[in-house]
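Inside the fold
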Amino acid sequence: MSTSRILVVLAHPNLAQSRINRAMVDAVRDLPGVTIHDLYAAYPDGRVDAAREQALAADHDVIVFQHPLYWYSAPGLLKEWQDRVLSWGWAYGPGGDALVGKTFFSAVSTGGPREAYQAGGHNNFAIGELLRPFQQMAAFVRMKFAAPFVFHGALTADEAAIAAHARQWRGHVESLRSVPAVHAVEVAA
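Just so it is clear, the model here is predicted, and its values are computed rather than measured. (Residues numbered from 1 in each chain as written. Predicted model: local features only at pLDDT ≥ 70, side-chain atom pairs only at ≥ 80, totals over all residues. Heavy atoms only, no water.)

Points about the environment of K102
Stated precisely, the cut-off is as follows: Secondary structure elements follow DSSP: runs of H or I no shorter than four residues count as helices, runs of E no shorter than two count as strands, and numbering proceeds from the N terminus. Here, residues are in contact when the closest pair of their heavy atoms is within 4.5 Å.
Note that K102 resides in the loop between α4 (76-85) and β4 (103-109). With sequence-adjacent residues up to four places away left out, K102 is seen in contact with A57, A58, H60, D61, I63, M143 and K144.

Digging into unusual backbone geometry
What you tend to see is this: most non-glycine residues have negative phi, and most peptide bonds are trans. The line we're drawing: Using a 1.4 Å probe on the protein chains alone, a residue whose accessible area is under 20% of its type maximum counts as buried, one over 50% counts as exposed, and one in between counts as partly exposed.
Positive phi, normally seen in glycine, also occurs at W71, with a value near 45°. Tracing the chain through its elements places W71 in the loop between β3 (62-68) and α4. Judged by its relative accessible area of 79%, W71 is exposed. Even without being glycine, R142 reaches a positive phi, approximately 65°. Of note, R142 is situated in the loop between α6 (132-140) and β5 (144-145).

Some points on helix α7 (residues 159-177)
This is how it is decided: Each helix should span, by expectation, one fewer than its residue count multiplied by 1.5 Å. Directions pointing from the helix axis toward each C-beta atom define the arc.
An ideal rise of 1.5 Å per residue puts 27 Å on 19 residues; α7 measures up with 27 Å between its terminal C-alpha atoms. Buried within α7 we find I162, H165, A166, W169, H172, V173, L176 and R177. What you see down the axis of α7 is that its buried residues fit within an arc of 140°, all on one side. For α7, the exposed residues set more than 90 degrees away from the buried face come down to A160, R167 and Q168. As for α7, its buried residues are in contact with β1 (6-10), α1 (19-28), β2 (34-38), β3, β4 and β6 (149-151).

Focus: the pattern of salt bridges
Rules: In the sections that follow, a salt bridge refers to a side-chain nitrogen of Lys or Arg positioned within 4 Å of a carboxyl oxygen of Asp or Glu.
For the structure shown, the criterion picks out 8 salt bridges. Between R5 and D59 there is a salt bridge; the shortest N-O distance is 3.3 Å. With R5 in the segment before β1 and D59 in the loop between α3 (50-58) and β3, this residue pair connects regions lying 54 residues apart in the sequence. Among the residues examined, R5 registers a relative accessible area of 33% and is labelled partly exposed. We note a salt bridge from D26 to R29, for which the minimum N-O separation is 3.3 Å. Within the structure, one salt-bridge network assembled from shared partners comprises R5, D59 and D61.

Focus: the pairing of β1
Put simply, the test is: If DSSP finds at least two bridges between two strands, the strands pair. Looking down the strands as they point away from you, a crossover is right-handed if its path from the first strand over the helix to the second goes clockwise.
Counting buried residues along β1, 5 of its 5 residues qualify, which places the element largely inside the surrounding structure. Burial along β1 is two-sided: the face carrying I6, V8 and L10 and the face carrying L7 and V9 are both buried. Across 5 bridges, β1 lies against β2 in parallel orientation. Within the sheet, the bridge partner assigned to V9 lies in β2 and is H37. After leaving β1, the chain enters α1 and then returns to the sheet as β2, a path that is right-handed. Pairing of β1 with β3 involves 5 bridges; the strand directions are parallel. Bridge pairing in β3 places L7 opposite I63.

Below, the structure written as structure tokens:
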């Protein structure tokens, strides 16, 4: 029985300076069946190769968008990925069934603390509410949407908190790998 193959679509415009996103990548880089795909390294000119990205997505059972929360969304190159890759006839519309049944979730880092992301908090909304467009994207292309895996407070986190989160991330990804590919499941963060 095969295990799930996981594609981590990493979208951080300055990964070298991101302690949490680097730690997360390093924590799962050696896991079999896990592909880390750094969009900013692959496309320094910002021009996404749709055919290449579609082949990568088609070859995996779980697709993760790993990124910092930028203006309540994702960095621009991830939006470009969505615009180019999730095309009519491939991801939706007649014949557009390439992602049906695959699992999708976001692995997100925020600069602010958890309490800033709630009704009445500094950012007015819970992280789940801010990520609704990604949930709808998954629904539209008929993927299974799983709860986001979130790290709050990246700007002030100490090394112990970052290391603990990286260990949790590895465990989360390992649990996804152990699920048979034909039975992708929703996972709570």
